[in-house]
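# Results of the structural survey
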Amino acid sequence: MTDDTEIRRRLAELEAASDQRRRDMRAVLDDIPAALSRRRLVSAAIADLKTAPNKVDGIRRGVRKLGRILARRS
Amino acid sequence: MSDGAASVPVHVFVAASGNAFMTDIADWIVEAAIASGRPANIVDDRLPIPDGSINLVVAPHEFYVLRDDDDAAVRAAARCSIPICTEQPGTPWFKLSAGLCEGSPLVVDINDVGAAALAELGFHVHRLRLGAVASMGYEVPEGDERRDIDVVFLGGATPRRERVLAGLAPVLWDRPCEIRTFSFSRPVTGDEPGLVFGADKYELLARSKVIVNIHRGDAEGNDSDDYFEWARLVEAMANGCVVVTEPSIGHDPLVVGEHFIECRADQMAATIDDLLNDPARCSAVSAAARAAVTGPLSFDTSVAELLAVADPIVAEVSNAHHGGESPRWGRVFRRRGVGRVTREGPPPLLPVFAPYRGLRKQLFDQLLAEMAHRRELGGFRSLLDHGDADHVNRFESTTWANADADITVVVTVYDYADVVTETLDSIASSVDVSVEIVIVDDASTDGAVQVVQDWMARHDDVPVLLLARSANRGLGLARNLAIEHARAEFVMILDADNLLYPNCLGTLADALHLDPAASFAYSTLEAFGSDPGLRSAQGWYVPWLCDANYIDAQAMIRRAVLQEFGGYRADDSIFGWEDWDLWLRLAEAGRHGVHVPRMLGRYRTQSGSMVSLTNLAAPDLRASLAARYATLPWPDSDRS
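Residues numbered from 1 in each chain as written. Chains lettered and ligands numbered in written order. Predicted model: local features only at pLDDT ≥ 70, side-chain atom pairs only at ≥ 80, totals over all residues.

## As for the overall build of chain A
- In terms of helices and strands, chain A carries three helices and zero strands.
- N-terminal to C-terminal, the α/β element order of chain A is α-α-α.
- In summary, chain A has a C-alpha radius of gyration of 25 Å against a globular reference of 11 Å for 74 residues, an excess of more than 25%.
- Counting only C-alpha atoms, chain A reaches 70 × 35 × 25 Å along its principal axes. (Helix = DSSP H or I, 4+ residues; strand = E, 2+ residues; numbered from the N terminus. Rg over C-alpha atoms; globule rule 2.2 N^0.38 Å.)

## Some details on helix α10 (residues 230-238) of chain B
Residue and element names in this part refer to chain B.
- With eight of nine residues buried, α10 lies mostly within the body of the structure.
- Of all the residues in α10, the buried ones are Trp230, Arg232, Leu233, Val234, Glu235, Ala236, Met237 and Ala238.
- Residues of α10 that are buried make contact with β7 (149-156), α9 (198-206), β9 (208-213), β10 (242-245) and α12 (279-294).
- Downstream of α10 by one or two residues, Gly240 has phi in the positive range, about 75 degrees. (Buried ≥ 20, exposed ≤ 12 C-beta atoms within 10 Å, placed from the backbone. Contact = placed C-beta atoms within 7 Å.)

## What to know about the domain arrangement of chain B
All names here are of chain B.
- Domain boundaries assigned for chain B yield domain 1 (3-131 + 299-336), domain 2 (140-294) and domain 3 (391-638).
- Contacts between the two partners involve 14 residues from domain 1, matched on the other side by 16 residues from domain 2.
- Counting residues per element, the ones that place at least two in the side of domain 1 that touches domain 2 are α2 (20-35) and α6 (112-120).
- Of all the elements, α2 adds the most residues to the side of domain 1 that touches domain 2, at four residues.
- Along the lines of polarity and charge, the residues of the side of domain 1 that touches domain 2 split into six nonpolar, six polar and two charged. (Domains from an automatic or database assignment. Nonpolar A, V, L, I, M, F, W, Y, C, P; charged D, E, K, R; others polar.)

## So, unusual backbone geometry
Residue and element names in this part refer to chain B.
- Ala59 follows Val58 through a cis peptide bond whose omega is -20 degrees.
- When you line up the elements, Ala59 lands in the loop between β3 (54-58) and α3 (60-63).
- The omega torsion of the bond from Asp252 to Pro253 falls at 5 degrees, within 30 degrees of zero and hence cis.
- Here Pro253 shows up in the loop between β10 and β11 (261-262).
- A positive phi angle is found at Ser536, which is not glycine, with a value near 50 degrees.
- With respect to the helices and strands, the residue Ser536 is situated in the loop between β19 (533-535) and α20 (542-547).
- A tally of 25 C-beta atoms within 10 Å means that Ser536 is categorised as buried.

## Digging into the sheet that holds strand β6 (residues 125-127) of chain B
All names here are of chain B.
- The six strands lie next to each other as β2-β1-β3-β4-β5-β6, forming an open sheet whose pairing is parallel. The sheet terminates laterally at β2 (40-43) and β6, the two strands that pair on one side only. Strand-to-strand, the axes of this sheet are offset by a mean angle of 25 degrees, without reference to chain direction.
- Here β3 runs beside strand β4 (residues 82-85); their pairing, made up of three bridges, is parallel. Its bridge partner being in β4, Val58 is matched across the sheet by Ile84.
- Where α2 meets the sheet, its contacts fall on β1 (10-14), β2 and β3, and the angle it forms with β1 comes to roughly 175 degrees.
- In the packing of α6 onto the sheet, the strands contacted are β4, β5 (107-109) and β6, and the crossing angle to β6 comes to about 175 degrees. (Pairing = 2+ DSSP bridges. Axes fitted to C-alpha atoms, helices over the stretch in contact; angles between N-to-C directions.)

## Quick notes on the pairing of strand β14 (residues 435-441) of chain B
All names here are of chain B.
- When you tally the buried positions in β14, you get seven out of seven residues, the bulk of the element.
- The sheet contact formed by strand β13 (residues 407-413) and β14 spans seven bridges and is parallel. Among the inter-strand pairings, Thr408 is bridged to a residue of β14, identified as Glu436.
- With respect to chirality, the unit in which β13 leads through helix α16 (residues 420-428) into the neighbouring parallel β14 is right-handed. (Right-handed = clockwise from strand over helix to strand, strands pointing away.)

## A look at the pairing of strand β21 (residues 593-605) of chain B
Residue and element names in this part refer to chain B.
- Of all the 13 residues making up β21, 12 are buried; the element is thus mostly covered by neighbouring parts of the structure.
- In terms of strand pairing, strand β17 (residues 499-500) meets β21 through two bridges, oriented antiparallel. Its bridge partner being in β21, Leu500 is matched across the sheet by Gly601.
- Of the strand pairs in this sheet, strand β18 (residues 520-529) and β21 are connected by 10 bridges, and their pairing is parallel. Each residue of the ladder has a partner; that of Ala527, found in β21, is Tyr603.

## Comments concerning the interface of chain B and chain A
- At the junction of the two partners, chain B supplies 20 residues and chain A supplies 17 residues.
- In terms of residue class, the side of chain B that touches chain A is made up of 14 nonpolar, two polar and four charged.

## Some details on helix α7 (residues 159-166) of chain B
Residue and element names in this part refer to chain B.
- Among the eight residues of α7, six are classified as buried, and the element is accordingly described as predominantly covered.
- Within α7, burial applies to Arg160, Arg161, Glu162, Val164, Leu165 and Ala166.
- Along its buried surface, α7 packs onto β7, α8 (169-172), β8 (177-182), α11 (268-276), β18 and β19.

## Topic: the packing of α16 of chain B against helix α17 (residues 448-458) of chain B
Residue and element names in this part refer to chain B.
- At a closest axis distance of 10 Å, the pairing of α16 and α17 adopts a crossing angle of 35 degrees. Two packed elements cross with a definite hand, and for α16 against α17 that hand is right-handed. Note on element contacts: α17 touches α16 through Ala448, Val451, Val452 and Trp455, opposite Val420, Thr421 and Leu424.
- Classifying every residue of the contact of α16 with α17 by side-chain character gives six nonpolar, one polar and no charged. (Left-handed = near helix turned anticlockwise from the far one by under 90°.)

## Here we look at the domain arrangement of chain A
- Under the domain assignment, chain A is made up of domain 1 (1-32) and domain 2 (36-74).
- Once you take the C-alpha centre of each, domain 1 of chain A and domain 2 of chain A turn out to be 44 Å apart.

Laid out in structure tokens, this is it:
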């Protein structure tokens, strides 16, 4: 039969694990930005494109994506 | 002025549903025009027409925008009217105003800075210097005894202004003052609580010794302008209220040190203190300013000058309209116009780009689930230790049992061992009231219970009841447990990291006695710490309450009201916004709170607080509140 000490030990383990999960989730939440700057996003995309080996494909995909967005909006 | 000109009527156009500030300015112009011998009246139900009268429009960015006329009609109205601009260069309203001035024969601005900016755009500009009109002066009896308010602030709430005002709290908390701010989120119609217009404003200014002028700052709260707020400050001067302002431009011919006091924001507290401690200096500046704005700088003179400039222009416009020669101003503005007439504001900003919103909400929900799980574990431990999942240890001071207090202060503690002593000290320093304290510790893990017990041992004269939960149950239930044990008529809610100034409790209790229908009373709070500013700075107004939770939990509530409404809702769907939920519940039931516009409490700001966590899922939480209290006037964006 499990005595009180064993129950307390298991409980303490569960509490510690729960506390750790909460801390981890808070850390993830803190790392996810609430909002992105469009300017920074576009700058980053342009910078990526400049260094990309397949620039033409990248531009083609971007134009297609823009077209789809505009088509959805109209 | 010829007799013919004297008989030309002056029509002052103002939007019927616009900002009450504009109505005040329009009223002054009518009064001053009549004083200078012109027939004048307010018009708010039609556009200006070229009927030979002087048409003054206060102000184009409001008058035309709030009407539903087509662009051609607005252009025609602009050609036969003189717009009076009031907005600061650099703001979207200034641009809007300037766009609506195109074609006008003369453009007027109430500030040198605005006039210069309009001239730069190619307009024929006249600067209308504001001054006092007879009705502005509230009759102040001799001496200062009627000036029962030391300091007044009147203005829109901006982050920069709030930060500067918070810096004045150490000087203002024990002085009678009125910090009256309003939200820019909706037009000010004059119905908002705490805001005063016309005669009520003049009386307030006549009762005040000092008015402070703080620059608005930009959207991020940084320094951006040094604009002299002529309208507000002339009203103050006409009523003998001394102006203390940050360094400004465009105040000529008023003189720094003679007609008003100038100081930097960081020197404002000391300057105000020195001034209030020097009644002779106060009286000298007050008298000089009043003499200036009611004498040589009176508005009657200024409006007479404007009308003298307007007379020949209006005659020319009228002549052109009736088939005469094309007026010279038309040629000028076709050459140097500022662009097409538009009644649109600046293009709306794109919505906030938040690609991770869904992910954040999911994580937030997981976090709440984990919190609930952790609370269950705490309940098991409590069951193991005490045979009760919801065990509460009770400690009371020797004075608790027989205390008969005016006010119960409810303090909820969760891991605030480092600051709770300061909070309890601030409660114990209260003056003019008898107080009992109910503290609920929500299973702190940092030894806060022992810290509170030590404090109780040192302050046995203060009636204190400490209820220490064995398992954490959350803020709403902690407050409700404390409220169950409150015995006084009024219950003051206080978080364990916030503070009260000594006169806070007495002043809020007085406010509730003065307004027996009010469910609760709250004061402006000085926010200190990582994000200084103001909290709870505006009066009770349900539309504002739907825009944002601007009333902090730190308020004094009638115990009977708390019992009637069942206290705080303990529901994770409103995690962190329990207080907002209570205010909304009261609003829906037609109840109200009374605001004391003084900084009587201190609100500690720090990143990582529970409210910051709530903001992670703000849009969804707002939507759930809007659905729950659907009869309230929520902004459209919150309705699904």
